[in-house]
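# Fold and geometry: a report
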Amino acid sequence: MALNQEQESWVEQLYQEVYSSLLSYAQCALNDDPLAEEAVQDTFRIACSKVEELMRSANPAGWMMNALKHVIQNIRRRRARLNKLVVTALSVDQITIPPQTGGVELGLACKQALGEDDYKLLKMVAIDHHTMLETANEFGISVETCRKRLLRAKKKLKKALEIEN
C-alpha cells in the first residue's frame, strides 16, 4: 500500500522524532550496529504498512518501540534457529564415520544438499553473523530475496538432515 502525501509527511516526522532512540535500543539489545539499523528500518517498513493504525495510536512512539521489540524478538528467534541448525551440522561433521558405513562428512553433504552458494549464504548469516543486508550485498541480491533464499536453504537442509522442530 502506497502512502499518501499526508501519511508520508507524518511518518517522516515520526522518523525524525524516534529514530535515534529506536536505534539506541536496538543496538543495546542486539550488540550489532548494522543489525540494529536493519531492525529499525524493518520497524519503519512495518509502520508504513500499518500507517493508519499507527496514526490512530495515542502513543505513536510507544507503538514504534513495541514494533521494534517484536522485530528484535523475531531476529533473535531466526538467528537461534539458524545457529542451532548450523551447529548441529558442524558438530556432526566432527564425528568420524567408519568407512564401511559409507557415510560422508556432513559439511560436504550440506554443500551437496544446498549447493555451494546457498551453503555459503547460510553460513554467512548463522556462523559469521552477517546481517541480511550485508549478505544480500555479497550475493548481489535484494534483502527480501536473500531472506527467501535463506528460508528455502534452511528448509532444504532440515529435510536433508531430517531434523524436526
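Residues numbered from 1 in each chain as written. Predicted model: local features only at pLDDT ≥ 70, side-chain atom pairs only at ≥ 80, totals over all residues. Heavy atoms only, no water.

### Section: helix α1 (residues 5-30)
Considering bend angle alone, the principal kink of α1 is centred on Val18 and spans about 50°. Buried within α1 we find Gln7, Val11, Leu14, Val18, Tyr19, Leu22, Leu23, Ala26 and Leu30. The N-cap of α1, judged by a side-chain oxygen 3.1 Å from the amide nitrogen of Glu6 a few residues on, is Asn4. Phi turns positive one or two residues past the end of α1, at Asn31, with a value near 55°. (Bend = angle between axes of the 7 residues up to and from the residue. Helix = DSSP H or I, 4+ residues; strand = E, 2+ residues; numbered from the N terminus. Buried < 20%, exposed > 50% of the residue type's maximum accessible area, 1.4 Å probe, protein only. Polar contact = N/O pair within 3.5 Å; in protein donor to acceptor, adjacent residues only side chain to side chain.)

### A look at the packing of aromatic side chains
Overall, the coordinates contain two aromatic pairs when judged by the stated rule. For the pair Tyr15 and Phe44, a centre-to-centre distance of 4.8 Å together with 65° between the ring planes defines the contact as edge-to-face. Here Tyr15, found in helix α1, pairs with Phe44, found in helix α2 (residues 33-49); they are 29 residues apart in sequence, far enough to count as distant. Taking the relative accessible area as the measure of exposure, Tyr15 reaches 28% and is therefore partly exposed. Counting every residue linked through ring pairs, the aromatic cluster contains Tyr15, Tyr19 and Phe44. (Phe/Tyr/Trp six-rings, centres within 6.5 Å; stacked < 30°, edge-to-face > 60°.)

### Regarding the pattern of salt bridges
Close approach of charged atoms lets side chains of opposite charge pair. According to the stated counting rule, one finds five salt bridges in the structure shown. The closest approach of N and O atoms between Arg147 and Glu38, which form a salt bridge, is 3.5 Å. With Arg147 in helix α8 (residues 143-161) and Glu38 in helix α2, the pair connects residues that are 109 residues apart, well separated along the chain. Glu38 sits in the buried class, given a relative accessible area of 15%. (Salt bridge = Lys/Arg side-chain N within 4 Å of Asp/Glu carboxyl O.)

### Notes on the environment of Pro60
For Pro60, the location among the structural elements is in helix α4 (residues 60-93). In this structure the C-alpha to C-alpha distance between Pro60 and Val18, which are 42 residues apart in sequence, comes to 9.4 Å.

Honestly, it's all geometry; don't read function into it.
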